[in-house]
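Structural description and commentary
Below are the chains, spelled out letter by letter.
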Amino acid sequence: MTAPGCGRGPPTRWPRELPVVLIHGGPGVPDYLSPVSDMIDDMCIVHRYDQRGTGGSTWKGKHTLTRHLHDLALLLDAWGHDKAVLVGHSFGTNLASHFLLTHPDRVAGLVQLAGPFVGGWRQADQAAQRERRTAEQQARLDELEAIEARTDGEEIDFLTLSWCTDHADRSRAWEWALTSARTLRPINYAMNAQLSAATKADPLEAHVPELRELLPAGSMIIGGEGDSRPADALRRLGASLDCEVVIIPNAGHFPWREAPDQFRTSFRAAVKRQIGPTG
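First, a word on scope: everything that follows refers to the structure included in this document. Because the structure is a prediction, the values reported are computed rather than measured.

1. Quick look at the pairing of strand E1 (residues 20–23)
Burial along E1 is two-sided: the face carrying Val20 and Leu22 and the face carrying Val21 and Ile23 are both buried. Summarising the sheet, E1 and strand E2 (residues 46–48) pair through 3 bridges and their orientation is parallel. In the strand pairing of E2, leucine 22 is matched with arginine 48. Bridge count for E1 against strand E3 (residues 84–89) is 4 bridges, and the pairing is parallel. Residue isoleucine 23 lies in a different strand from E3, and its bridge partner there is glycine 88.

Okay, structure coming up:
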């Protein structure tokens, strides 16, 4: 398993601080968190990794939460870290949460970006998505989804139509989604289906009381008000966890893209208060 982006050399300002591990979403999408890493790599060592079966970590087999959580523990061992601050995005917030549940002694801090979403949030998300697509776009998406083996062009169209609802700025949503559709491939659809089923079988909302007890001090959830997924779901989760929640106006599912200055300020503050110093 590869571990790209493992810092850019020894940090000059924060030599005793805890490392940060970025956990991308999907599931089944290659890592895309380089812009997020760049915002904090002057503060600490930052690790990014392609989850098993994506990007540089090619692998075929059955995907389970247990396997992926074990992979993360093995990566911490390989990097020489007893513990780290975890930063999850989207589905990566679910992985980070489950890692906290299974390896609480290895999680020194937690920053959750655009997730996790628990409870009855999917209906609101689906309604927002349909509102943001034209009738023609929705019909084309439905048509492409029914094709068992899409051509490369059809796959780009399918992903662009799927992802264009993620952004608050509707004037640039298509452009951003198209860029992602051209670069974040191939999608591991088997991984997506298996891990999505696993999270539904063991929903995170069933573990909220335990998460509240294990949550490291200073943890933070950061989301975008303009995400198709309801920001109020993050606010409710934050209240249940007694965790600070920052919702950035005019930002969607990738807040560092649409509101980079506001996101950078909140994100760096969240990381700084959790990384140390450790000694």
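2. Quick word on the nonpolar core
In this structure, Val20, Leu113, Ile222, Trp256, Phe267 and Val271 are the most contacted members of the largest nonpolar core, which totals 41 residues. The residues contacting tryptophan 256, other than those within four sequence positions of it, are Tyr32, Leu33, Pro35, Val36, Met39, His89, Leu113 and Phe263. If you look at the next biggest cluster of nonpolar residues, it comprises 37 residues, including Leu76, Phe91, Leu237 and Ile247.

3. Focus: the environment of serine 57
Tracing the sequence through the fold places serine 57 in the loop between E2 and helix H2 (65–79). Judged by relative accessible area, which is 4%, serine 57 ranks as buried. When the C-alpha atoms of serine 57 and proline 30 are compared, they prove to be 9.0 Å apart, with 27 residues separating the residues in sequence.

4. Side note on the sheet that holds strand E4 (residues 107–113)
Read across the sheet, 6 strands follow the order E2-E1-E3-E4-E5-E6 without closing on themselves; strand pairing throughout is parallel. Sheet topology places E2 and strand E6 (244–248) at the edges, where each strand pairs with a single neighbour. Neighbour-to-neighbour, the strand axes of this sheet turn through a mean angle of 20 degrees, independent of strand direction. Packing of helix H3 (residues 91–102) onto the sheet brings it into contact with E1, E3 and E4, and relative to E4 it is tilted by some 155 degrees. Running over the sheet, helix H12 (residues 260–275) touches E1, E3, E4, strand E5 (220–224) and E6 and is turned about 165 degrees from E4.

5. A short note on H2
Here H2 is 15 residues long and its end C-alpha atoms lie 21 Å apart, about the 21 Å a rise of 1.5 Å per residue gives. For H2, every residue scored as buried is listed here: Leu65, His68, Leu69, Asp71, Leu72, Ala73, Leu75, Leu76 and Trp79. Lining the buried residues of H2 we find E1, E2, E3, H3 and helix H8 (189–201). Where H2 terminates, the next one or two residues include glycine 80, which has phi positive at roughly 80 degrees.

6. Focus on the side chain of arginine 229
As for its placement among the helices and strands, arginine 229 is situated in the loop between E5 and helix H10 (231–241). Accessibility expressed as a relative area gives 14% for arginine 229, which makes it buried. Within the structure, the side chain of arginine 229 is placed 2.8 Å from the side chain of aspartate 227, a separation counted as a polar contact. A polar side-chain atom of arginine 229 sits 3.3 Å from a polar atom in the side chain of histidine 253. Excluding its chain neighbours within four sequence positions, the residues that come into contact with arginine 229 are Phe117, Trp121, Asp125, Asp166 and His253.

7. Quick look at the pairing of E4
Most of E4 sits out of view: 6 of its 7 residues are buried. Bridge analysis of E3 against E4 gives 6 bridges, and the strand direction is parallel. When the sheet's bridge partners are listed, valine 87 is paired in E4 with valine 111. Tracing the backbone out of E3, into H3 and back to the parallel element E4 gives a crossover that is right-handed. Pairing geometry for E4 and E5, over 3 bridges, is parallel. By the bridge assignment for E5, glutamine 112 is matched with isoleucine 221.

The rules behind these values
- Residues numbered from 1 in each chain as written.
- Predicted model: local features only at pLDDT ≥ 70, side-chain atom pairs only at ≥ 80, totals over all residues.
- Heavy atoms only, no water.
- Buried < 20%, exposed > 50% of the residue type's maximum accessible area, 1.4 Å probe, protein only.
- Helix = DSSP H or I, 4+ residues; strand = E, 2+ residues; numbered from the N terminus.
- Pairing = 2+ DSSP bridges.
- Core = buried A, V, L, I, M, F, W, Y, C linked by side-chain atoms within 4.5 Å.
- Contact = heavy atoms within 4.5 Å.
- Axes fitted to C-alpha atoms, helices over the stretch in contact; angles between N-to-C directions.
- Expected span 1.5 Å × (residues − 1).
- Polar contact = N/O pair within 3.5 Å; in protein donor to acceptor, adjacent residues only side chain to side chain.
- Right-handed = clockwise from strand over helix to strand, strands pointing away.

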